Amino acid sequence: MQDYDVAVVGGGLLGSAFGWGLARRGQKTVVFDEGDRAIRTARGNFGLVWVQSKGQNMPEYAAWSLRASQLWQDFAAELTENTGVDVHYVKQGYNIVATEAELESAIAGQDRITAGMGDKAYGYEVLDHKTLKAVAPHIADSVPGAIYTGHDGHCNPLFLMRALHQDMQAKGAHYQPNTRVGAITPRADGGFDLTGEDGTLLGSAARVIVAAGHGAVNLVRDLGIDLPVHADQGQVLVTEKVSESMSFATGTVRQTDNGSFLLGASSKQIGMDTRTDLPTLAEVARYCISVFPFLGKLRLQRAWGALRVMTPDGCPVYQQSEAHPGLFSFACHSGVTLSSVHALEVAKWVSEGNIPSEFNVFHPRRFDV
Amino acid sequence: MELDATNTPKTVRLSFEGTAIEAPAGATVAAALLAADIIAFGTRPVSGLPRGAFCMMGTCFECMVEIDGIANRQACLETVQEGQNIRRMPPRIPTKGQGDGDD
Ligand SMILES: Cc1cc2nc3c(=O)[nH]c(=O)nc-3n(C[C@H](O)[C@H](O)[C@H](O)COP(=O)(O)OP(=O)(O)OC[C@H]3O[C@@H](n4cnc5c(N)ncnc54)[C@H](O)[C@@H]3O)c2cc1C
Ligand code: FES
């Protein structure tokens, strides 16, 4: 007999959504979460709940992102109702671009998605400058337009984390902070023992989800599982807090609920390095100001760098070990967006011990060709 | 902290929203305001709730004030000066040309 139905390794955006979803399904759940020493992408993201442009290379991922967006409103409302924490979800977003070339390539991307999804495709509109200006009066004269789908938006990802943590514990999950899982060992009875760095037994569970972001790679390699993720660094700028003027998000600019504008985000593959640098930040600022000139008048207050958990094709990796059934390892970019499906659907897969076959496309064996 | 011949800190006179306050030379503006029982340095731009110094070490940006006509000063990082004129942050309406830029 194991201590828990499910042990989740990692309490970032993925692990928190799974922990909450499992506790909500009545599963006896524990979440082990390493402390501030770990790379914690959940604390450094941009807060978009974003559908468009996703899944150009995999229609199933486009459909999955769409499904996530469709569940988000109720997901956010349930969290707020249970915790009193407002996650500030606003379903309003335009992919506003700076140049004609970018707009062309964004349209081509949406066309690929539409073709791939077939009759499951969602519609999108291309707004020209004039139409866009009516909803986004502060765009630069040079902005050619935007893409609008009705599915994109943004939230406060830190309040999302807080609400998930608070409510999973209210639902009986054990959240164990500052606890790094050093090893997962299959037991004779089919469950797993989880041990800490110093070898002490942390607990046992019938099933295990490894959702430890960058910390997962070495942990599952010991069990013969290849988790193909690498770090993709993004740098984000934060302005002074100002009065409310923009409710929608673009792919690169959004105003937070306390008035700051976030400008993002660069993309660089430089290993496990979260440091910011001036040329990169200047380029982020330059691009955003080229879309919204008023941003140039705001004082910057801070900047940060964080590491995307990136797979080779940018799409999620969901897998259950064949050698050790009950051992799941999940990793993806866009963990904010997908938190609704992770909480409400993936948690169900794990509680039932089976990833439905329609989601086999997300198995990393797709990279083996 | 600057001391005089009798080892007493020198006093600096400044004002907050027109009200005179005194502070020991070398103190930060945030410390001077707090010592004068001024806890709310300003209000939050969106919610309108009061805001004041939180970390006292330059990281939270909750202590913003206008000093001698210049907005966006961190009160916890500025040292009091004789005659300094401290005000709450003016409304920051980003799209109305009220930023720090030059147009
Ligand atoms: C700059 C940037 C912008 C982004 N913007 C967006 C966005 O706008 N929208 C969106 O949807 N997504 C966005 N993302 C992506 C999103 O943040 C990630 O998808 C998400 O954080 C990944 O979640 P995770 O749980 O896998 O990893 P993390 O959030 O990193 O969590 C992993 C957790 O595991 C713990 N851990 C690690 N090793 C162990 C161990 N051995 N034992 C126990 N615990 C362990 C860590 O402490 C950590 O808490 C962005 C990412 C970046 C970097
Ligand atoms: S009190 Fe935190 S920055 Fe000044």
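Along each chain, residue indices are assigned from 1 in the same order as the chain's sequence is written. Starting at A for chains and at 1 for ligands, labels are handed out in the order in which the entities are written. Only residues with pLDDT of at least 70 get local features here, since the model is predicted, and only at 80 or more are side-chain atom pairs given and counted; chain-wide, interface and lining totals rely on the full set of residues. To obtain the side-chain values, all non-hydrogen atoms of the structure were included, while hydrogens and water were left out.

## Quick notes on the overall build of chain A
Part 1: By definition, any uninterrupted DSSP run of H or I lasting at least four residues is a helix, any uninterrupted run of E lasting at least two residues is a strand, and each is numbered from the N terminus. The number of helices and strands found in chain A is 8 helices and 17 strands.
Part 2: Dimensions along the principal axes, computed over C-alpha positions, put chain A at roughly 65 × 45 × 40 Å.
Part 3: Relative to its 369 residues, chain A shows a buried fraction of 57%.
Part 4: Between two residues, a contact is recorded if the distance between any of their heavy atoms is within 4.5 Å. Residue pairs at least 24 apart in sequence account for 73% of intrachain contacts in chain A once pairs closer than 6 positions are excluded.
Part 5: For chain A, the accessible surface area stands at approximately 14800 Å², while carbon and sulfur atoms represent 50% of it. Under the scheme applied here, a residue whose accessible area is under 20% of the maximum for its type counts as buried, over 50% as exposed, and between as partly exposed, the area being computed with a 1.4 Å probe on protein chains only. For the area figures, the Shrake-Rupley method with a 1.4 Å probe applies, and any residue is considered shielded solely by the protein chains shown.

## Observations regarding the pairing of strand β10 (residues 192–196) of chain A
All names here are of chain A.
Part 1: Counting buried positions along β10 gives 4 out of 5 residues, so the element sits mostly inside the fold.
Part 2: As defined by bridge partners, strand β9 (residues 181–186) adjoins β10 across 5 bridges and the pair is classed as antiparallel. Its bridge partner being in β10, Pro-186 is matched across the sheet by Phe-192.
Part 3: Strand pairing is assigned whenever DSSP detects at least two bridges linking the two strands. If you look at the hairpin formed by β9 and β10, you'll find 5 residues sitting between the two strands, and Gly-190 has a positive phi there, around 100°.
Part 4: Summarising the sheet, β10 and strand β11 (residues 201–210) pair through 4 bridges and their orientation is antiparallel. If you follow Phe-192 over to β11, its bridge partner there is Ala-205.
Part 5: Between β10 and β11, which pair antiparallel one after the other, the connecting turn spans 4 residues, and Gly-199 there sits at a positive phi close to 90°.

## Topic: the packing of aromatic side chains
Residue and element names in this part refer to chain A.
Part 1: Each aromatic pair joins two rings of Phe, Tyr and Trp (for Trp, the six-membered one) with centres within 6.5 Å, and gets the label stacked for planes under 30 degrees apart, edge-to-face for over 60, and tilted for any other angle. Throughout the structure, instances matching the rule amount to 18 aromatic pairs over all chains.
Part 2: An aromatic cluster of three or more residues is present, and its members are Phe-18, Trp-64, Tyr-318, Phe-328, Phe-330, Trp-349, Phe-359 and Phe-362.
Part 3: For a ring to carry a charge above it, either NZ of a lysine or CZ of an arginine must fall within 6 Å of the ring centroid while also lying within 35 degrees of the normal to the ring plane. The ring centre of Tyr-4 lies 5.6 Å from the NZ or CZ of Lys-28, which sits over that ring.

## Considering the site of ligand 1
Residue and element names in this part refer to chain A.
Part 1: Residues are counted as near a molecule or strand when any one of their heavy atoms sits within 4 Å of it. As a matter of local geometry, ligand 1 sits amid 37 residues, with Asp-33, Thr-41, Ala-42, Leu-48 and Gly-335 nearest to it.
Part 2: The term polar contact refers here to a pair of N or O atoms within 3.5 Å; inside protein, the definition further demands a hydrogen-donor-capable atom paired with an acceptor-capable atom, and it admits residues adjacent in sequence only when both atoms are side-chain atoms. Between an oxygen atom of ligand 1 and a main-chain N or O atom of Leu-13, the distance comes to 3.2 Å.
Part 3: For ligand 1, a nitrogen atom lies 3.0 Å from a polar atom in the backbone of Glu-34.
Part 4: Out of a free accessible area of 1000 Å², ligand 1 has 98% covered by protein chains.
Part 5: Secondary structure elements with two or more residues in the shell around ligand 1: α1 (13–24) and β15 (300–310).
Part 6: Considering each element in turn, the shell around ligand 1 owes the most residues, 3 residues, to β15.
Part 7: Where each domain begins and ends is defined by an automated method or by a domain database. Residue-level mapping places the shell around ligand 1 at the junction of two domains, with at least three residues from each of domain 1 (4–48 + 159–229 + 313–367) and domain 3 (230–310).

## With respect to the interface of chain A and chain B
Part 1: On the chain B side, the residues contacting the 17 residues of chain A number 21 residues.
Part 2: Buried area adds together the accessible area that both of two parts lose upon being put together, with accessible area traced by a 1.4 Å probe. Taking both sides of the interface into account, the surface hidden between chain A and chain B amounts to around 1700 Å²; carbon and sulfur atoms contribute 53%.
Part 3: The largest contributions to the chain A side of the interface with chain B come from A:Lys241, A:Lys297 and A:Arg299, which together make up 39% of the buried area.
Part 4: Each reported salt bridge corresponds to a side-chain nitrogen of Lys or Arg within 4 Å of a carboxyl oxygen of Asp or Glu. The salt bridge partner of A:Lys241 is B:Glu62, with a shortest N-O separation of 3.2 Å.
Part 5: Across the contact surface, chain A and chain B share 5 residue pairs in polar contact (both at pLDDT 80 or more).
Part 6: The set of elements that each furnish at least two residues to the side of chain A that touches chain B consists of β12 (230–241) and β15 of chain A.

## Regarding a nonpolar patch on the surface
Part 1: Together, B:Leu34, B:Ile39 and B:Met56 make up an exposed nonpolar region whose accessible area comes to about 270 Å².
Part 2: Owing to a relative accessible area of 62%, B:Ile39 belongs among the exposed residues under this scheme. A patch consists of residues whose relative accessible area exceeds 30% and which take part in no salt bridge; residues with like charges are grouped when within 9 Å of each other, and nonpolar side chains (Val, Leu, Ile, Met, Phe, Trp, Tyr) when within 5 Å.

## Focus on the pattern of salt bridges
All names here are of chain A.
Part 1: Enumeration according to the criterion identifies 24 salt bridges over all chains in this entry.
Part 2: A salt bridge links Glu-345 to Arg-67, with the shortest nitrogen-to-oxygen separation between them at 2.7 Å. On the criterion of sequence distance, the pair formed by Glu-345 in helix α8 (residues 339–352) and Arg-67 in helix α2 (residues 59–83) is long-range, its members being 278 residues apart.
Part 3: By relative accessible area, which is 18% here, Glu-345 ends up buried.
Part 4: On the basis of relative accessible area, Arg-67 is assigned to the partly exposed category, the value being 34%.
Part 5: Among the ionic pairs, Arg-275 bridges to Asp-273, the shortest N-O distance being 2.9 Å.

## A look at helix α7 (residues 278–291) of chain A
Residues and elements named next belong to chain A.
Part 1: For α7, built from 14 residues, the straight-helix expectation of 20 Å at 1.5 Å per residue is met to within 8% by its first-to-last C-alpha distance of 20 Å.
Part 2: Of all the residues in α7, the buried ones are Thr-280, Leu-281, Val-284, Ala-285, Tyr-287, Cys-288 and Val-291. The arc that holds every buried residue of α7, seen down its axis, measures 160°, which confines them to one face. Opposite the buried face of α7, at more than 90 degrees from it, the exposed residues are Leu-278 and Pro-279.
Part 3: Summarising the contacts, the buried residues of α7 are in contact with β4 (95–97), α3 (100–117), β12, β13 (253–255), β14 (260–263) and β15. Each residue after the first adds 1.5 Å to the expected span of a helix. In this description, the arc belongs to the directions extending from the helix axis to the C-beta atoms.

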